[in-house]
Structure formats: structure tokens, C-alpha cells
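What the coordinates show
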Amino acid sequence: MVNEKSLTDRKMHYCPGCGHTLMHKIICDIIDELGIRERTIAVAPVGCAVIAYDYWNFDVTEAAHGRCPAVATGIKRVLPDKIVFTYQGDGDLAAIGTSEIIHAATRGENITVIFVNNGVYGMTGGQMAPTTMVGQKTATTQKGRKPERDGFPLKISEMLSVLPGVKYVERTALHNKPGVDKTRQALKKAFMMQMDNKGFSMVEVISACPTYGAKTIKEAYKKIDEEITKYYPLGVLKDTD
Amino acid sequence: MNKTLITGNEACGEGAIQADCRFYAGYPITPQNELTAYMSKRMDEENGVFIQAESEIAAINMVFGASGAGARAMTTSSSPGISLKQEGISYLAGCQLPAVIVNVMRGGPGLGNIAPSQADYFQATKGGGHGDYNMVVLAPASVQEMFDFTYEAFDIADKYSNPVMILSDGMIGQMMEPAVIVRERRTKDDGRGTKAWVLDGCKGRKKRVIRSLFLAEGVLEDWNKELQKKFDKMRKNEVRFEKYRAENAEIIIVAYGTSARIARASVDELRKNNKAVGLFRPISLWPYPYDALKKLDTGKTKFLVVEMSAGQMVEDVRLAIEDKKRIYFHGRMGGGVPEEADIVKLVKKILKDKKSKTKNQKHI
């Protein structure tokens, strides 16, 4: 079993161009590279990645919508020598689970949070997410997100960076090769910080939802490059290492 | 055994500690604050985990995680906070995870007040969260039982891999009484047994998944059938009740928790006056002791249900005793507590006049 891989051979259900497929692979690559598969416990979200556990060959628990950081807190406090990470979308982490993520962060829980931000609720049919761009059309903002009605997109990574309990936050994007490489590096660093008991680490990954965000995959990636990363700048937001 | 003068809330916490509960997450709410403070102190002493959570919702989900990782875990609250925990309780039951949840009930609905109440009976026993699930609900009527039942709740939770609720109230939680608060300590102090589903890393074994989501056709129905089999076993094995001076009784008072304590005093008073009155006290509110109650019915027996609610448990009494004409109800609401003298008066009236009606009393 030692040589087993973290990624199962189960065919993924994600739409073409969806960042989840790639992100699952990156996570599994890093876990294999660090040799931590047998001591990793993941917390799966509610959203498109709700059955992530079918694709991962390590211990996984489901969590109620938005509650991953609380569930991860419970696991990590009981088993501090295990590597515990949550995998959450923007609806899960930045809307219904805002309280849980902020407080797990400010408690400085020694967990890793993988925040996949695609700016929309994909699973339920493309509704506005807290991270949806101003002007972006969704099922619930059919003329585009209007701040006077719908408020502004939430910058969770910036918010968490100011908390003393937070040790590492980086935002990357999955729309091109350098972005994928950066994501790998960031994730590896986040896991290593947990392995060294440094504290709370989070990687926000800007990911495409070609199904609801754009007409084509290419257009979705272009939007990330030209619009989304202007509002959500890429790079390290906090690094205490 | 030496007795200690202690509050119900603290006795509850000590029962958990001695049952090897090593994970506690809670949030401040009256009238159970002594319990959270006690756990904060005791978890430090026992090298357990104490977390003051950001919300009741976070607390129950922390318990979910800790339980999945194999720890004996508990959260406690009072009525409004327990409402917030319902989502988590449903997930615990759906994922088949053990946990102990304590509700020190207060007056409702809404923010209500901080006085004792029994108005969360429906929520506790009929499934406050979504989906088909049940859990054993134990109702202590003394500080001693706060300790004993909490201690035993962890074994019941582990036995069935299911949440268990202690349904107490502000009176039992905050009063002090002498109680024996020492039980035999278990050998494994981390509370983890040989649970075959624990997530502790897949070293030397296949991966494990804790889930309640089953999308393929028929799979969730099968999962539910498995759950129902477990609930049937609980119905069979976990019925608890107490009968007090119930022999040859013309009237049986049915009450639990604080109401039962008060009713017991009324029974003593009435028996002094040669009134044939007894008490039936359900201890497990789920599973409800229907059969035991039915056995007390001669076909002429009258039943007076006393609750600190508008009438919730009375519905279970109606299920046990199908002749509604012989079931009477006396309830106090919004933090009101039944008076011993009122119950005495009421029983005397019922013995004399079938159609008697007093304040707060419904003739059913």
C-alpha cells in the first residue's frame, strides 16, 4: 500500500475545462510527492466537489455546507500528527461558511485550506456566488451583478491575511501553465507549513467554470486573465515562514 | 460512596470526563454556562480538547470532526443554541457518528427567557433536524442523574454509532445537590476503541470515507433501511422509565425531569391523604416507554400528564393509552414551573369531577 497513488482511477464527473479536475490531480501529486497519503485526512465540501472522496485515495469525510473548517478543527485537534485539509468552493467557504473559515483562521488551526474560487455556484445551476464579479451574469443576476442590489464580491484571502493566526495565504490561478506551476508550489508550501506545525495556511485558486461563466473554455480562461485577476490579484498575500 | 455538593451542569460535565470524553466544543448560553466553564477547566486537566466555538453550528461540526477522528465528543447548549445544532445532529445520524449533545432547556419560542422549560420535547424526540433519524434521548431528574446519564450516554452513542441527547432543563442544570460523582475509570483514557470507521490516516489499510451522501438510485434508501434497523434495536433495548407508588393507582401522573420531581412530591402528599395516585416517569423520552405505560392501564386508570410545555409528551401518552377521555394535561409555559400544590388540587378535582378545568389545564 505504500506505493499506492493518491488519485483513484475513477473517471471524474466535472465539466470540460473545470478547474476541479486539475486541482484534484495537483493535490494528489503533491501528497504523493510529500509522502503523506497515509496520514492525510481530507474534508470534502458541498458543491461541485461534493464527491471528491471518490477521486481521492486517502481518508475523507464529508461536511455540511460551509462547515469544513469546523470539522477539520475537530479532526486536527484530536489527531495533531495527521495532515488535515479542507477543499472548498466559494459558495461553501465565502458565503455559508464565512464564520467557520474566519474563526478557524483566527484560532490559527494548523490545517490547510484549499479554496477553489470559480465565482459561481456550479452545482446548483450557476447562481451568483459571493465572489461573482460586478456585472457578471448568473442565474440570479440575469442582467449582471449590480452592487446596489447584490453587493460587492468578497475578498476572503485579503481578509484572512490580516489575522495573526494565519501564517500563509497565496492566490494562484489555473488558467495557464505558469499558473498551474505556481499552484503546485503554493500547495506544496501550504502542506509543508502544516507538516512543520507552523499554523493556518490557505491557497485560493482562481478556477474557471466554463459551463456558467463563459461561452467557451478559452473565453473563461481569458476572463480570468483579463478581468478576474485584476479584482483578485495573484501572489502571496501573507507568508510568515 | 462520598457525595459531593455540585450543580447539575457541572455533574454533567464530570460524567462526560469520566466517560473519557476528550473533546468538547461549546458556546456561551444561559442556563448552561457552568457546564462550558467546567469543561474548559477539566479538559485542560485531562489533556483533552476544549474549544469555545464561534457558534453553536461550528461547535456541533467540530464534534462531528472529532468523532470522525475517533474521540468521544460532546457539545452542550440551551434551547436556541440546540436549534442551531439540528443540522449537525442530522449529519451525525446520517453519517453514523456517535456524539453526546446536552440541552439544558429554557423558555421559548424565540429568544424566550432563561427559566427552565420542557418545550423542546418535540424537537428532541421527533427529529429536530432533517431526514429520517432518531436518537436516544435521556431525561435526568436530579443532579445525580445528570452525572449518571451523561456517563452512560457515551456508551449508548458508541454502541449504535449515533448521537445521544441529554434533555435537561435550567432547574436541573443550575441547582446544587449532593451526588456521587465517581465512576470506575476506563483503561483507555482517549476514549477511542476499535471503531472500524475512524479516520486516522490510511496507513496499512484501505481509505475510509465518512459520508451521508449517496446519489446513485436506491443506495440512499438502502442506507436508510440500515439506519432504521439500528433505530429498531434502540427501540427494543434502550427503553428506560421509573414507576413510583404506581401500584393500584386510580390516577397516574406522567412526567419527566423537573416536572417529575415536583409530581413525586405531589404523589407523596396525595398518598398521605389516602388518594390512590402514582407517578410514571419516562427516562428515555426516545424510545418512549409506551408498553410500560400501557401496562399500568387497567382500562379505568386516569392519566395526568404534567409538563413545562403547552403539551408535547402528552401526545406520546395518547399513543400509549388510546382512550383520550382518561388523559388529562397540566402544563406551564415560557419558563413557568408546575407547583406541587396545584398538581395535588388538580388530582383531587379529577378524582371528584371528570369535567374539571383549572388554570393552564386542558381537559383532553
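The rules we used
- Residues numbered from 1 in each chain as written.
- Chains lettered and ligands numbered in written order.
- Predicted model: local features only at pLDDT ≥ 70, side-chain atom pairs only at ≥ 80, totals over all residues.
- Helix = DSSP H or I, 4+ residues; strand = E, 2+ residues; numbered from the N terminus.
- Rg over C-alpha atoms; globule rule 2.2 N^0.38 Å.
- Buried ≥ 20, exposed ≤ 12 C-beta atoms within 10 Å, placed from the backbone.
- Contact = placed C-beta atoms within 7 Å.
- Expected span 1.5 Å × (residues − 1).
- Arc of directions from axis to C-beta.
- Nonpolar A, V, L, I, M, F, W, Y, C, P; charged D, E, K, R; others polar.
- Pairing = 2+ DSSP bridges.
- Domains from an automatic or database assignment.
- Core = buried A, V, L, I, M, F, W, Y, C linked by C-beta atoms within 7 Å.
- Axes fitted to C-alpha atoms, helices over the stretch in contact; angles between N-to-C directions.
- Parallel < 35°, antiparallel > 145°, perpendicular 65-115°, else oblique.
- Left-handed = near helix turned anticlockwise from the far one by under 90°.

Some words on the overall build of chain A
Within chain A one finds 9 helices and 9 strands. For 241 residues, the compact-globule estimate of 2.2 N^0.38 gives 18 Å, and chain A sits close to it at 17 Å. Overall size of chain A, expressed as C-alpha extent along the three principal axes, is 50 × 40 × 35 Å. In chain A, buried positions account for 56% of the 241 residues. For chain A, contacts bridging at least 24 residues in sequence account for 67% of all contacts bridging at least 6.

Let's talk about the overall build of chain B
When you go through chain B residue by residue, the secondary structure sums to 13 helices and 16 strands. Taken over C-alpha atoms, the radius of gyration comes to 21 Å for chain B, in line with the 21 Å a tight globule of 364 residues would show. C-alpha atoms of chain B, sized along the principal axes, occupy 75 × 50 × 40 Å. Taking all 364 residues of chain B together, the buried fraction comes to 56%. Put simply, 79% of the contacts in chain B that link residues at least 6 apart link residues at least 24 apart.

Here we look at helix H13 (residues 340-352) of chain B
Note that an α-helix has 3.6 residues per turn; residues three or four places apart therefore point the same way. Residues and elements named next belong to chain B. Along its 13 residues, H13 runs 19 Å from first to last C-alpha, staying within 8% of the 18 Å computed at 1.5 Å per residue. Listed as buried for H13 are Ile-343, Val-344, Leu-346, Val-347 and Ile-350. Taken down its axis, H13 places every buried residue within 165° of arc, on the same side. Facing away from the buried side of H13 by over 90 degrees, the exposed positions are Ala-341 and Lys-352.

Side note on the interface of chain B and chain A
By a widespread convention, an interface's size corresponds to the accessible area lost as its parts come together. Contacts between chain B and chain A engage 34 residues on the former and 30 residues on the latter. For the side of chain B that touches chain A, the secondary structure elements donating two or more residues are strand E3 (49-52), helix H3 (56-68), helix H5 (86-95) and strand E9 (209-210) of chain B. Looking at side-chain class alone, the side of chain B that touches chain A contains 18 nonpolar, 9 polar and 7 charged residues. The sheet contact formed by strand E2 (residues 59-62) of chain A and E9(B) spans 2 bridges and is parallel. The partner of A:Val60 across the bridge, within E9(B), is B:Val209.

A look at the domain arrangement of chain B
Residues and elements named next belong to chain B. When the domains of chain B are assigned, the result is domain 1 (4-237) and domain 2 (241-363). Summarising the inter-unit geometry, the C-alpha centres of domain 1 and domain 2 are found 29 Å apart. Across the contact, 27 residues belong to domain 1 and 22 residues belong to domain 2. Within the residue set of the side of domain 1 that touches domain 2, elements represented by two or more residues are helix H6 (121-125), strand E6 (136-138), strand E7 (163-169), helix H8 (170-174) and helix H9 (219-237). Looking at the side of domain 1 that touches domain 2, the element that brings in the most residues is H6, giving 4 residues.

Considering the environment of B:Gly13
Residue and element names in this part refer to chain B. Locating Gly-13 in the fold gives a position in helix H1 (residues 8-18). Accessibility expressed as a C-beta count within 10 Å gives 33 for Gly-13, which makes it buried. Spatially, the C-alpha atoms of Gly-13 and Met-171 are 16 Å apart, while their sequence positions differ by 158 residues. Once residues lying within four places of it in the same chain are set aside, the contact partners of Gly-13 are Leu-35, Tyr-38, Met-39 and Arg-42.

Here's the deal with the nonpolar core
Residue and element names in this part refer to chain B. Formed by 190 residues in total, the largest nonpolar core has its most connected members in Val-63, Val-100, Ile-253 and Val-305. The leading source of residues in this core is helix H7 (residues 143-160), at 10 residues. Summarising the domain contributions, this core has at least three residues from each of domain 1 (4-237) and domain 2 (241-363). Apart from the residues lying within four places of it in its own chain, the contact partners of Val-100 are Ala-16, Met-74, Thr-150, Ala-153, Phe-154, Ala-157, Val-164 and Ile-166.

Observations regarding the packing of helix H2 (residues 68-78) of chain A against H3(B)
Axis separation between H2(A) and H3(B) bottoms out at 6 Å; the angle between their running directions is 45°. With respect to each other, H2(A) and H3(B) are oriented oblique. As H2(A) runs across H3(B), the sense of the crossing is right-handed. Contact with H2(A), carried on its side by A:Ala70, A:Val71, A:Ala72, A:Thr73, A:Gly74, A:Ile75, A:Arg77 and A:Val78, involves B:Ala58, B:Asn61, B:Met62, B:Val63, B:Phe64, B:Gly65, B:Ala66 and B:Gly68 of H3(B) and no other residues of that element.

Thoughts on the sheet that holds strand E13 (residues 284-286) of chain B
Adjacent strands of a sheet form backbone hydrogen bonds with each other and so pair up, either parallel or antiparallel. All names here are of chain B. The sheet built from 7 strands is open, its strands ordered E3-E2-E4-E5-E7-E6-E13 with mixed pairing. Each edge of the sheet is formed by a strand with only one pairing partner; in this case those strands are E3 and E13. If you compare each strand with its neighbour and ignore which way they point, the axes differ by 20° on average. As paired elements, strand E2 (residues 23-26) and E3 share 4 bridges and run parallel to each other. Each residue of the ladder has a partner; that of Tyr-24, found in E3, is Phe-50. The sheet strands contacting helix H2 (residues 33-45) are E2, E3, strand E4 (73-77) and strand E5 (99-105), and the helix crosses E3 at an angle near 145°.

Topic: the packing of H1(B) against H2(B)
Residue and element names in this part refer to chain B. Packing of H1 against H2 leaves a shortest axis separation of 8 Å and a crossing angle of 35°. Relative to H2, the crossing made by H1 is right-handed. Residues Asn-9, Glu-10, Cys-12, Gly-13 and Ile-17 of H1 form the contact with H2, whose participating residues are Glu-34, Leu-35, Tyr-38, Met-39 and Arg-42.

Section: the environment of B:Val164
All names here are of chain B. Checked against the element boundaries, Val-164 lands in strand E7. Residue Val-164 is classed as buried on the basis of its C-beta count, with 29 C-beta atoms lying within 10 Å. The residues contacting Val-164, other than those within four sequence positions of it, are Val-100, Met-135, Val-136, Ala-153, Ile-156 and Ala-157.

Focus on the sheet that holds strand E9 (residues 235-239) of chain A
Read from one edge of the open sheet, 8 strands run E9(A)-E7(A)-E8(A)-E4(A)-E3(A)-E1(A)-E2(A)-E9(B), paired in mixed fashion. The open sheet has two edge strands with one neighbour each: E9 of chain A together with E9 of chain B. Inspection of the sheet shows strand E1 (residues 40-44) of chain A paired to strand E3 (residues 83-89) of chain A by 4 bridges, in the parallel sense. Bridge assignment links A:Ala42 to a residue of E3(A), and that residue is A:Phe85. Contacting E1, strand E4 (112-117) and strand E8 (200-206) of chain A, helix H1 (residues 19-34) of chain A runs over the sheet at an angle of about 160° to E4(A). Across the sheet, helix H7 (residues 177-195) of chain A touches E3, E4, strand E7 (166-173) and E8 of chain A, and the angle it forms with E7(A) is around 165°.

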